[in-house]
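A look at the structure
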Amino acid sequence: MSRREAIKAAAALVGAGVAGRVAGAVPLASTPRAAAQPATAGARKALRVGFQVHRTGIGAVYGRWYERTATAAANLINEMGGIAGRPVQLVAEDDGTDPKRGVEVVEKLAVHHKVDFIFGTLFSHVVIASAPRAGELKIPYFAVSEGYHVPSGKLNRYCFQPGITDVRSQVTAVAPWIVNTLGKKVTMIFPDYAFGYDHRDFLGRAVARLRGTIRALLPIPPAETSFTKYFARVPADTEVLYHVMVGPGVLTFVKQLGEHFGARKPNLFGFIDSLEGVDFASPGLEFLDGTYFWEAFPRYAGGYPTPYERFYRERVGVNDAGASVQDPGDVATYSHMFGCWETLFVIKQAVEQSGYRDPTPRDYRALIETLESFQWFNEGIQHPQGPKKFVGQIHQSFGQQFISKVENRRLKVVHRTRIEDSLYQPEADYTRQPL
Amino acid sequence: MLARIMLLAAYAIGYNVLLGYTGLMSLGHALFFAAGMYGTGLSVYYWGFPPAPALAVGIAASVLLAAAVGWIALRTAGVSFLIVTMMFAQAFYLATLYFNTITMGEQGFVLSAQLAPLRLGGRDFAFSDPVVKYNAAFVVFALCLVLTVWLTRSPIGRILVAVRENEGRTRLLGYNTFNYKLLALLISAGISGAAGATYTLVFAYVGSSFASILYSIYPLLWTLLGGAGTTLGPLVGTAAMTYVVDIASELTSSYLLVVGAALVALVVWFPAGAMGHLRSRVWPWLP
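Reading guide: rules and limits
Residues numbered from 1 in each chain as written. Chains lettered and ligands numbered in written order. Predicted model: local features only at pLDDT ≥ 70, side-chain atom pairs only at ≥ 80, totals over all residues. Heavy atoms only, no water. Helix = DSSP H or I, 4+ residues; strand = E, 2+ residues; numbered from the N terminus. Rg over C-alpha atoms; globule rule 2.2 N^0.38 Å. Buried < 20%, exposed > 50% of the residue type's maximum accessible area, 1.4 Å probe, protein only. Contact = heavy atoms within 4.5 Å. Areas by Shrake-Rupley, 256 points an atom, 1.4 Å probe, with all protein chains shown as cover. Lys, Arg positive; Asp, Glu negative; His and termini not counted. Charge placed at Lys NZ, Arg CZ, Asp CG, Glu CD. Axes fitted to C-alpha atoms, helices over the stretch in contact; angles between N-to-C directions. Left-handed = near helix turned anticlockwise from the far one by under 90°. Nonpolar A, V, L, I, M, F, W, Y, C, P; charged D, E, K, R; others polar. pLDDT = per-residue confidence, 0-100. Salt bridge = Lys/Arg side-chain N within 4 Å of Asp/Glu carboxyl O. Parallel < 35°, antiparallel > 145°, perpendicular 65-115°, else oblique. Buried area = accessible area lost by both parts, 1.4 Å probe. Pairing = 2+ DSSP bridges. Patch = residues over 30% accessible without salt bridge, like charges linked within 9 Å, V, L, I, M, F, W, Y side chains within 5 Å. Phe/Tyr/Trp six-rings, centres within 6.5 Å; stacked < 30°, edge-to-face > 60°. Right-handed = clockwise from strand over helix to strand, strands pointing away. Expected span 1.5 Å × (residues − 1). Polar contact = N/O pair within 3.5 Å; in protein donor to acceptor, adjacent residues only side chain to side chain.

1. Describing the overall build of chain B
For chain B, the count of helices and strands is 13 helices and four strands. Relative to the compact-globule value of 19 Å for 287 residues, chain B shows a C-alpha radius of gyration of 19 Å, a close match. Residue burial in chain B is summarised as follows: out of 287 residues, 54% are buried. Sequence separation of at least 24 residues holds for 76% of the intrachain contacts in chain B that already meet a minimum separation of 6. Approximately 11,700 Å² of chain B is accessible, and the part contributed by carbon and sulfur atoms is 72%. Across chain B, the centroid of the 13 positively charged side chains sits 15 Å from that of the 7 negatively charged ones.

Structural data, given as structure tokens:
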């Protein structure tokens, strides 16, 4: 290549790039369909809520139920007259449970679909990758994730988690019961990423405070398909085996757990994540009888018998055993999906109290400052999981937790923690960040 | 979106140097892309490096790893090379999970708070600014493209093509083909690392999923779709795949099926890729 050719090539590239910017010729993927609905006389412009959903990838089971729950909540809100008199329109986009695609989805929802808010993301790595872009685009981003990333202060002022409690608070709330009831020598098995590290760090601290010991930490890579080799590393003097697992391998994980330990198992305490979307009557799970699980919201009807829970269950289409009314083999991710329902109602409350109308910096500021001023969400059909304390400083809700025992292949609630049991000292203050 | 396409196209350009011009099909290029990301990301996160030195660390990490991997993997060829490179990439991926106290494993880490603006000519350019994002991506993409054009037209590039066409005959002519293949791998890794490093600066996030096998398959697909051994093929392939996913995901939740169908159609009707097909049938002057 001659010097002349090199200069020509460089000039052509620079020209193309500059022209692209000057002409604003940034191509869009397609014309927004749902967005092209002008306000007409008599019909108020819809409030568009972007829904970043895990329709594919390892979060697909959660995504399916998150979408059903969000749709049910949006339908109910519209039946109630909408938000500030405006109908709610969900604009869903699949992020493939992939962090790269997650960022693209945030951009697409904000720039292309021009939604007012974005919500619904569950898996930690997708939330953490997507949150900076939401902050740059200055659009409120509501995670339904449980991760400690929002309250840790590592994200930004546009990120909230008002509809579901975080792992640190869950672990803090249940640790005293575990140590005092099941034993002080604890071995932990957890997924080898953010969600698992939150369990590792915060349960470890809580157990140490209660004068127990962590006998071993066994992180398992997310793509793992065979688990027996990890069980062999559980110390013999373990009194409590604390397990939490997510992803498509959960059923294999639990079955191999039973095959390995059989009747000589230590006390088992699991996070229901290990069996979310899985039927307790599945073959191979018999050994779970007599073991314990944390639940954020009891899967089986009667675990938390309130009229709000009954109403919520019926609206989403879940039967008494925690499965789809249409297909009893389709078990819900009941302990997590209520977060979508409650988050949409928090958005409704924040929009109506702040006077939010359009996605402008002024209206976003009003909305965010209103959200940060909230302190409590009362129990009701908006918050069927129970009342919640909201700490505006860290953009996070705190609520009650449930501990259930497996009896006759069903979960039966044996303990309910108080909100105060889950509180911890905030380590951040988002309200000091500029908007 | 355009900034992302240009950076991923730069990654594919790096891959194309190895596959398109040297004839070596790697299934482990995520190693180099992710090494660029981690080299840059970790140096910013832990030591507060400014963008330019951090970028240099990312590229250096990729090139050094390529030298180590190439020294071993280039002793194999064909399917064996494919498998050995994949194994190295998987080892790197698992290392990012194993050393999660440093890398934060699958969750990754955000750089927004630590990343200083780029200082040029006494002015600061924040990567959160969309114009800076676009221009940073464009500059890196353009440099990678110009470098590739220069390489393919240089005597070295012609020897690489000779290696691709007939390695035995090239060796018979007196060229040390191992050294040339190693050079191609280093250039390929350097470009891929530059793309990964810039991706980190522009999107302020590093996570181990970028080191997974999926991110080794992507550049292969983009390059084959656009046309291996063509200068603009990687850009066309990356842009086409991105927009197919984007548009199809609006129409159906089974959008990956659409992507699969597009790839099958490509193999059946356009085995040389989009630009390769155009070059052979319409515009023979295409680089």
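Here the narrative resumes.
2. Concerning the overall build of chain A
Scanning chain A from terminus to terminus reveals eleven helices and 15 strands. Relative to its full complement of 435 residues, chain A shows a buried share of 59%.

3. So, the packing of helix H3 (residues 51–73) of chain B against helix H4 (residues 79–98) of chain B
Residues and elements named next belong to chain B. Relative orientation of the contacting elements H3 and H4 amounts to 140°, with a least axis distance of 10 Å. Like other packed secondary-structure pairs, H3 and H4 cross with a definite hand, here right-handed. Side by side, H3 and H4 meet where Leu65, Val69, Ile72 and Ala73 of the first sit next to Phe81, Val84, Thr85, Phe88 and Phe92 of the second. Residues belonging to the contact of H3 with H4 are distributed by class as follows: eight nonpolar, one polar and no charged.

4. Structural notes on the confidence of the model for chain A
On average, chain A scores 87 in pLDDT, and the residues at 70 or more come to 89%. In this model residues 16–42 of chain A is a low-confidence stretch, pLDDT under 50, and it forms 29 contacts with partners more than four residues away in sequence or in other chains.

5. A short note on the pattern of salt bridges
Where side chains of opposite charge bring their charged atoms close, a pairing between them can arise. All names here are of chain A. Enumeration according to the criterion identifies 33 salt bridges over all chains in this entry. With its nearest N and O atoms 3.1 Å apart, the salt bridge here joins Lys108 to Glu93. Of the two residues, Lys108 sits in helix H3 (residues 99–112) while Glu93 sits in strand E2 (residues 88–94), which places them 15 residues apart along the sequence. Glu93 matches Lys108 in its accessibility class, with the two residues each being buried.

6. Topic: the packing of helix H10 (residues 214–226) of chain B against helix H13 (residues 273–281) of chain B
Residues and elements named next belong to chain B. In the contact formed by H10 and H13, the axes pass within 3 Å of each other and the chain directions differ by 20°. As the angle between them shows, H10 and H13 are arranged roughly parallel. Taking contact as the criterion, the partners of Leu224, Leu225 and Gly226 in H10 are, on H13, Gly273, Ala274, Met275 and Gly276. Partitioned by chemical class, the residues of the contact of H10 with H13 number four nonpolar, three polar and no charged.

7. A few points about the interface of chain A and chain B
Many analyses report the size of an interface as the accessible area lost when the parts associate. Contact residues are listed per partner, giving 43 residues for chain A and 44 residues for chain B. Here chain A packs against chain B, burying approximately 3,800 Å² in sum over the two surfaces, 59% of which is carbon and sulfur. Taken together, the connections running from chain A to chain B amount to three salt bridges. A salt bridge links Glu107 of chain A to Arg4 of chain B, with the shortest nitrogen-to-oxygen separation between them at 3.1 Å. By residue number, the principal contributor to the side of chain A that touches chain B is H3 of chain A, which donates eight residues. For the side of chain A that touches chain B, a count of residues per class yields 19 nonpolar, eight polar and 16 charged.

8. Side note on the sheet that holds strand E14 (residues 402–407) of chain A
Residue and element names in this part refer to chain A. Reading across from one edge, E7-E6-E8-E9-E10-E14-E15 is the order of the seven strands in this open sheet, with mixed pairing throughout. A strand with exactly one partner marks an edge of an open sheet, and here the two such strands are strand E7 (213–220) and strand E15 (410–416). Within the sheet, the average angular offset between the axes of one strand and its neighbour, ignoring direction, is 25°. Sheet topology places E14 next to E15; six bridges connect them, and they run antiparallel. Bridge pairing in E15 links Val406 to Leu411. Contacts from helix H5 (residues 167–182) reach strand E8 (240–243), strand E9 (267–271), strand E10 (292–295), E14 and E15 within the one sheet, and its direction differs from that of E9 by about 170°. Of the strands in this sheet, strand E6 (185–191), E7, E8 and E9 touch helix H6 (residues 194–209), which is tilted by about 165° from E6.

9. Remarks on the side chain of Lys348 of chain A
Along the chain, the position of Lys348 of chain A falls in helix H10 (residues 334–354). With residues up to four places along the chain from it excluded, the contact list for Lys348 of chain A reads Ile77, Met80, Gly82 and Ile83 of chain A.

10. Overview of the sheet that holds E2 of chain A
Residues and elements named next belong to chain A. If you trace the eight strands from one edge of the open sheet to the other, you get E2-E1-E3-E4-E5-E13-E12-E11, paired in mixed fashion. Edge strands, defined here as strands with exactly one partner in the open sheet, are E2 and strand E11 (376–377). By the bridge criterion, seven bridges tie strand E1 (residues 47–53) to E2 in an arrangement that is parallel. Each residue of the ladder has a partner; that of Gly50, found in E2, is Val91.

11. Quick look at a nonpolar patch on the surface
Residue and element names in this part refer to chain B. A surface patch of nonpolar side chains, amounting to about 630 Å² of accessible area, comprises Tyr46, Trp47, Tyr98, Phe99 and Ile102. Here Trp47 is to be found in helix H2 (residues 30–47). By relative accessible area, which is 62% here, Trp47 ends up exposed.

12. Some points on the packing of aromatic side chains
Evaluated as defined, the whole model comprises 46 aromatic pairs over all chains. Between the aromatic rings of Tyr148 of chain A and Phe202 of chain A, the centroid separation amounts to 4.8 Å while the plane-to-plane angle is 70°, which identifies the pairing as edge-to-face. In this pair, Tyr148 of chain A is assigned in the loop between strand E4 (141–143) and strand E5 (159–165) and Phe202 of chain A in helix H6, connecting sequence segments 54 residues apart. This pair shows no difference in class: Tyr148 of chain A is buried, exactly as Phe202 of chain A is. An angle of 55° between the planes, with centres 5.6 Å apart, marks the rings of Phe231 of chain A and Phe253 of chain A as tilted. Taken together, the residues span a long stretch of sequence, with Phe231 of chain A in helix H7 (residues 228–231) and Phe253 of chain A in helix H8 (residues 250–261) at a distance of 22 residues. Each member of the pair, Phe231 of chain A as well as Phe253 of chain A, is classed as buried. Grouped by ring-pair contacts, the aromatic residues Tyr11, Phe33, Tyr199, Phe203, Tyr205, Phe210, Tyr215, Tyr218 and Trp222 of chain B constitute a single cluster.

13. Some details on the environment of Val264 of chain B
Residue and element names in this part refer to chain B. Mapping Val264 onto the fold places it in helix H12 (residues 255–269). With relative accessibility at 52%, the residue Val264 sits in the exposed group. Sequence separation between Val264 and Gly229 is 35 residues; the distance between their C-alpha atoms is 20 Å.

14. Structural notes on the pairing of E6 of chain A
All names here are of chain A. The buried count for E6 comes to six of seven residues, which makes it a mostly enclosed element. As judged from the seven bridges shared by E6 and E7, these two strands associate in the parallel manner. Across the sheet, residue Pro191 finds its bridge partner in E7, namely Ile220. What joins E6 to E7 is H6, and the crossover it makes is right-handed. As defined by bridge partners, E6 adjoins E8 across four bridges and the pair is classed as parallel. Counted as the bridge partner of Thr187 is Leu241 from E8.

15. Describing helix H6 (residues 130–153) of chain B
Spanning 24 residues, H6 of chain B covers 34 Å between terminal C-alpha atoms, matching the ideal 34 Å at 1.5 Å per step. The N-terminus of H6 of chain B is capped by Asp129 of chain B, whose side-chain oxygen sits 2.9 Å from the backbone nitrogen of Val131 of chain B.

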